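# Structural overview for review
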Amino acid sequence: ELEIKNLMIRDKESRVTQTLALTKNELAVTFDGKLTATTLDRIFSKEISTGGSLKGAFQARVNFATPELSTVSGTLVGKQISLPIPLLKLGSPLLIDDLSLRAAENTINVETADLSMGNEHLSIEGDVNITKEGIILNLDLFTEGIDLKNFSEILSAKKKDTENGEVKSTLDLPLIGTIRVEAK
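Throughout this description, residue numbers start from 1 for each chain and increase along the sequence as written. For this predicted model, a pLDDT threshold of at least 70 governs which residues receive local features, and a threshold of 80 or more governs which side-chain atom pairs are given and counted, while totals over whole chains, interfaces and linings are taken from all residues. Hydrogen atoms and water are omitted, and side-chain values are computed over all heavy atoms in the structure.

## Here's the deal with the pattern of salt bridges
We count it as follows: A carboxyl oxygen of Asp or Glu within 4 Å of a side-chain nitrogen of Lys or Arg is what we treat as a salt bridge. Every helix listed is a DSSP run of H or I at least four residues long, and every strand listed is a run of E at least two residues long, numbered separately from the N terminus. Working definition: with a 1.4 Å probe on protein chains only, accessible area under 20% of the residue-type maximum means buried, over 50% means exposed, and in between means partly exposed.
Applying the stated criterion to the full structure yields six salt bridges. Salt-bridge contacts for glutamate 13 lead to arginine 42; the nearest nitrogen and oxygen are separated by 3.8 Å. One end of the pair, glutamate 13, is in the loop between strand 1 (2-10) and strand 2 (15-22); the other, arginine 42, is in helix 1 (residues 37-43), and 29 residues separate them in sequence. For the salt bridge of aspartate 98 with lysine 79, the shortest nitrogen-to-oxygen distance reads 2.8 Å. Placement of aspartate 98 in strand 6 (residues 94-104) and of lysine 79 in strand 5 (residues 71-83) is noted, with a sequence separation of 19 residues between them. Residue class for lysine 79 comes out partly exposed when judged on its relative accessible area of 45%.

This is how it looks when you write it as C-alpha coordinates:
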(Lines give C-alpha, C1' and ligand atoms only; values in the text may rest on other atoms or scores of the structure.)
Protein backbone atom coordinates (compact mmCIF):
# COMPACT_ATOMS: atom_id res chain seq x y z
CA GLU A 1 0.00 0.00 0.00
CA LEU A 2 1.06 3.56 -0.74
CA GLU A 3 -0.63 6.78 0.26
CA ILE A 4 0.23 10.41 -0.38
CA LYS A 5 -2.51 12.41 1.31
CA ASN A 6 -1.61 15.87 0.05
CA LEU A 7 1.52 16.72 -1.92
CA MET A 8 1.76 20.43 -2.62
CA ILE A 9 4.51 21.82 -4.83
CA ARG A 10 4.79 25.57 -5.21
CA ASP A 11 7.44 27.86 -6.60
CA LYS A 12 7.56 30.72 -9.09
CA GLU A 13 6.69 28.37 -12.01
CA SER A 14 4.60 25.58 -10.48
CA ARG A 15 1.59 25.35 -8.25
CA VAL A 16 0.13 21.88 -7.93
CA THR A 17 -1.62 19.67 -5.43
CA GLN A 18 -1.56 15.90 -5.84
CA THR A 19 -2.85 12.86 -3.98
CA LEU A 20 -2.21 9.18 -4.49
CA ALA A 21 -3.63 6.12 -2.78
CA LEU A 22 -2.76 2.64 -3.95
CA THR A 23 -4.14 -0.43 -2.24
CA LYS A 24 -4.64 -4.01 -3.29
CA ASN A 25 -8.14 -3.13 -4.55
CA GLU A 26 -7.95 0.49 -5.68
CA LEU A 27 -5.89 3.27 -7.22
CA ALA A 28 -6.98 6.83 -6.49
CA VAL A 29 -5.08 9.81 -7.88
CA THR A 30 -5.71 13.54 -8.20
CA PHE A 31 -3.72 16.26 -9.93
CA ASP A 32 -4.71 19.93 -9.79
CA GLY A 33 -2.56 22.76 -11.07
CA LYS A 34 0.60 23.15 -13.12
CA LEU A 35 3.93 21.41 -12.65
CA THR A 36 6.97 22.38 -14.72
CA ALA A 37 10.03 20.31 -15.49
CA THR A 38 12.23 23.09 -14.14
CA THR A 39 10.59 22.65 -10.74
CA LEU A 40 11.14 18.89 -10.84
CA ASP A 41 14.81 19.42 -11.70
CA ARG A 42 15.17 21.60 -8.59
CA ILE A 43 13.59 18.89 -6.42
CA PHE A 44 15.49 15.84 -7.71
CA SER A 45 19.27 15.62 -7.71
CA LYS A 46 19.34 13.92 -11.12
CA GLU A 47 17.90 15.90 -14.03
CA ILE A 48 14.84 13.99 -15.21
CA SER A 49 13.07 16.55 -17.32
CA THR A 50 13.20 17.95 -20.80
CA GLY A 51 11.78 21.41 -20.12
CA GLY A 52 8.08 20.57 -20.29
CA SER A 53 5.05 20.92 -18.09
CA LEU A 54 1.89 19.16 -16.97
CA LYS A 55 -1.29 21.05 -16.12
CA GLY A 56 -4.93 20.39 -15.47
CA ALA A 57 -7.48 19.21 -12.95
CA PHE A 58 -7.77 15.44 -13.11
CA GLN A 59 -9.15 12.75 -10.80
CA ALA A 60 -9.21 8.99 -11.19
CA ARG A 61 -10.44 6.24 -8.89
CA VAL A 62 -9.94 2.76 -10.33
CA ASN A 63 -11.50 -0.09 -8.38
CA PHE A 64 -9.69 -3.29 -9.36
CA ALA A 65 -12.21 -5.63 -7.71
CA THR A 66 -15.32 -3.89 -9.07
CA PRO A 67 -14.18 -1.89 -12.13
CA GLU A 68 -17.68 -0.55 -12.92
CA LEU A 69 -17.40 1.55 -9.74
CA SER A 70 -14.36 3.34 -11.19
CA THR A 71 -14.61 7.02 -12.09
CA VAL A 72 -12.44 9.52 -13.93
CA SER A 73 -12.95 13.23 -14.51
CA GLY A 74 -11.16 16.35 -15.64
CA THR A 75 -8.47 17.32 -18.09
CA LEU A 76 -4.72 16.86 -18.26
CA VAL A 77 -2.41 18.55 -20.77
CA GLY A 78 1.33 18.03 -20.96
CA LYS A 79 4.33 18.69 -23.17
CA GLN A 80 7.91 17.38 -23.09
CA ILE A 81 7.63 15.25 -19.94
CA SER A 82 10.25 12.60 -19.27
CA LEU A 83 9.24 9.69 -17.04
CA PRO A 84 11.79 7.11 -15.96
CA ILE A 85 10.03 3.75 -15.67
CA PRO A 86 12.33 1.58 -13.55
CA LEU A 87 9.86 -1.31 -13.24
CA LEU A 88 10.11 -2.04 -16.96
CA LYS A 89 13.93 -2.04 -16.96
CA LEU A 90 14.07 -0.84 -20.56
CA GLY A 91 16.80 1.71 -19.98
CA SER A 92 15.12 4.59 -21.82
CA PRO A 93 12.69 6.95 -20.13
CA LEU A 94 9.22 7.43 -21.54
CA LEU A 95 9.04 10.86 -23.16
CA ILE A 96 5.59 12.39 -23.44
CA ASP A 97 6.05 14.85 -26.29
CA ASP A 98 2.41 16.01 -26.28
CA LEU A 99 -0.56 14.88 -24.17
CA SER A 100 -4.18 15.95 -23.99
CA LEU A 101 -6.72 13.93 -21.98
CA ARG A 102 -10.37 14.65 -21.15
CA ALA A 103 -12.21 12.38 -18.76
CA ALA A 104 -15.76 11.96 -17.49
CA GLU A 105 -17.53 9.18 -15.60
CA ASN A 106 -15.69 6.02 -16.70
CA THR A 107 -14.17 7.23 -20.00
CA ILE A 108 -10.84 8.84 -20.78
CA ASN A 109 -10.72 10.49 -24.19
CA VAL A 110 -7.13 10.57 -25.44
CA GLU A 111 -7.25 13.59 -27.72
CA THR A 112 -3.54 13.23 -28.36
CA ALA A 113 -0.68 11.28 -26.82
CA ASP A 114 2.63 11.56 -28.66
CA LEU A 115 5.10 9.25 -26.91
CA SER A 116 8.73 8.23 -27.40
CA MET A 117 10.92 5.60 -25.78
CA GLY A 118 14.38 5.22 -27.21
CA ASN A 119 13.93 5.13 -30.99
CA GLU A 120 10.22 4.23 -30.76
CA HIS A 121 7.70 7.00 -31.53
CA LEU A 122 3.94 6.54 -31.17
CA SER A 123 0.91 8.79 -31.52
CA ILE A 124 -2.30 7.62 -29.88
CA GLU A 125 -5.88 8.90 -30.14
CA GLY A 126 -9.16 7.40 -28.96
CA ASP A 127 -11.04 6.29 -25.87
CA VAL A 128 -10.32 4.17 -22.81
CA ASN A 129 -13.39 2.95 -20.89
CA ILE A 130 -13.40 1.28 -17.50
CA THR A 131 -16.32 -1.14 -17.32
CA LYS A 132 -17.49 -4.25 -15.49
CA GLU A 133 -15.67 -6.33 -18.13
CA GLY A 134 -12.35 -4.48 -17.57
CA ILE A 135 -10.49 -1.78 -19.47
CA ILE A 136 -11.91 -1.41 -22.98
CA LEU A 137 -9.69 0.27 -25.58
CA ASN A 138 -10.81 1.96 -28.78
CA LEU A 139 -7.56 3.52 -29.98
CA ASP A 140 -5.77 4.58 -33.13
CA LEU A 141 -1.99 4.17 -32.97
CA PHE A 142 0.28 5.87 -35.51
CA THR A 143 3.95 4.90 -35.76
CA GLU A 144 6.90 4.59 -38.11
CA GLY A 145 7.44 1.04 -36.88
CA ILE A 146 7.23 -1.03 -33.72
CA ASP A 147 10.04 -3.04 -32.15
CA LEU A 148 8.09 -6.07 -30.92
CA LYS A 149 10.85 -7.01 -28.48
CA ASN A 150 10.29 -3.77 -26.51
CA PHE A 151 6.52 -4.27 -26.43
CA SER A 152 6.76 -7.91 -25.38
CA GLU A 153 9.02 -6.85 -22.47
CA ILE A 154 6.45 -4.24 -21.42
CA LEU A 155 3.52 -6.66 -21.66
CA SER A 156 5.31 -9.41 -19.77
CA ALA A 157 6.41 -7.19 -16.87
CA LYS A 158 5.58 -9.16 -13.73
CA LYS A 159 5.47 -8.50 -10.05
CA LYS A 160 5.93 -10.96 -7.24
CA ASP A 161 3.02 -11.49 -4.89
CA THR A 162 4.82 -11.57 -1.55
CA GLU A 163 2.03 -13.36 0.29
CA ASN A 164 2.08 -16.63 -1.63
CA GLY A 165 5.15 -16.37 -3.88
CA GLU A 166 2.93 -16.47 -6.98
CA VAL A 167 3.84 -14.33 -10.00
CA LYS A 168 0.97 -12.08 -11.15
CA SER A 169 0.53 -9.67 -14.03
CA THR A 170 1.07 -6.00 -13.19
CA LEU A 171 -2.43 -5.36 -14.57
CA ASP A 172 -5.16 -7.29 -12.79
CA LEU A 173 -8.03 -5.88 -14.87
CA PRO A 174 -8.73 -7.47 -18.24
CA LEU A 175 -7.56 -5.31 -21.14
CA ILE A 176 -9.80 -5.72 -24.20
CA GLY A 177 -10.81 -3.77 -27.26
CA THR A 178 -9.45 -2.48 -30.52
CA ILE A 179 -6.17 -0.78 -31.36
CA ARG A 180 -5.92 0.21 -35.01
CA VAL A 181 -2.30 0.61 -36.15
CA GLU A 182 -1.12 2.76 -39.01
CA ALA A 183 2.57 2.44 -39.82
CA LYS A 184 4.30 4.83 -42.19
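## Quick look at the nonpolar core
Test applied: Here the nonpolar core consists of buried residues drawn from Ala, Val, Leu, Ile, Met, Phe, Trp, Tyr and Cys, with membership extended through side-chain atoms lying within 4.5 Å. Here a residue-residue contact requires only that any non-hydrogen atoms of the pair lie within 4.5 Å.
Ranked by size, the top nonpolar core spans 30 residues in total, and within it Ile108, Val110, Ile124 and Val128 carry the most contacts. The contacts of isoleucine 124, once residues within four sequence positions are left out, are Val110, Thr112, Ala113, Leu115, Leu139, Asp140 and Leu141.

## Thoughts on the pairing of strand 1
Put simply, the rule is: Paired strands are those between which DSSP finds at least two bridges.
As paired elements, strand 1 and strand 2 share seven bridges and run antiparallel to each other. Considered in strand 2, the bridge of methionine 8 is made with threonine 17. Hairpin geometry of strand 1 and strand 2 is characterised by an intervening segment of four residues between the two adjacent antiparallel strands.

## Some details on unusual backbone geometry
A positive phi angle is found at glutamine 80, which is not glycine, with a value near 50°. Structurally, the position occupied by glutamine 80 is in strand 5. One non-glycine residue, glutamate 105, adopts positive backbone phi at about 55°. Here glutamate 105 is to be found in the loop between strand 6 and strand 7 (107-117). You can call glutamate 105 exposed: its relative accessible area is 66%.

## Focus on the environment of aspartate 140
Just so we agree on the cut-off: N or O atoms within 3.5 Å of each other form a polar contact, as long as, within protein, one can give a hydrogen and the other can take it, and as long as residues adjacent in sequence are counted only when both atoms are side-chain atoms.
Mapped onto the elements of the fold, aspartate 140 is located in strand 9 (residues 134-143). Judged by its relative accessible area of 24%, aspartate 140 is partly exposed. Spatially, the C-alpha atoms of aspartate 140 and serine 123 are 8.1 Å apart, while their sequence positions differ by 17 residues. Other than its neighbours up to four places away in sequence, aspartate 140 contacts Ser123, Ile124, Glu125 and Arg180. A polar contact is formed between the side chain of aspartate 140 and the side chain of arginine 180, at a distance of 2.6 Å.

## Considering the confidence of the model for the chain
Rule in force here: Each residue gets a pLDDT score, which is the predictor's confidence in that residue and runs from 0 to 100.
Considering every residue of the chain, the mean pLDDT works out to 83; 79% of them sit at 70 or more. Below pLDDT 50 for its whole length, residues 158-164 participates in 14 contacts with residues either more than four positions away or in separate chains. Under a pLDDT of 50 for its full length, residues 166-170 has, in the predicted model, 13 contacts with residues more than four places off or in other chains.

## Section: the sheet that holds strand 9
Note on sheets: strands pair through backbone hydrogen bonds, and any given pair is parallel or antiparallel. As a reminder of what qualifies: Fitted lines through C-alpha atoms serve as axes, helices being fitted only where they are in contact, and the angles separating the N-to-C directions of these axes extend from 0 to 180 degrees.
Pairing within the open sheet is mixed, and its ten strands lie in the order 1-2-3-4-5-6-7-8-9-12. Looking at strand neighbours, the two that pair on one side only are strand 1 and strand 12 (175-183), the edges of this open sheet. Between one strand axis and the next, the sheet turns by 15° as a mean value, whatever way the strands run. Pairing geometry for strand 4 (residues 53-63) and strand 5, over nine bridges, is antiparallel. The residue of strand 5 that forms the bridge with alanine 57 is threonine 75.

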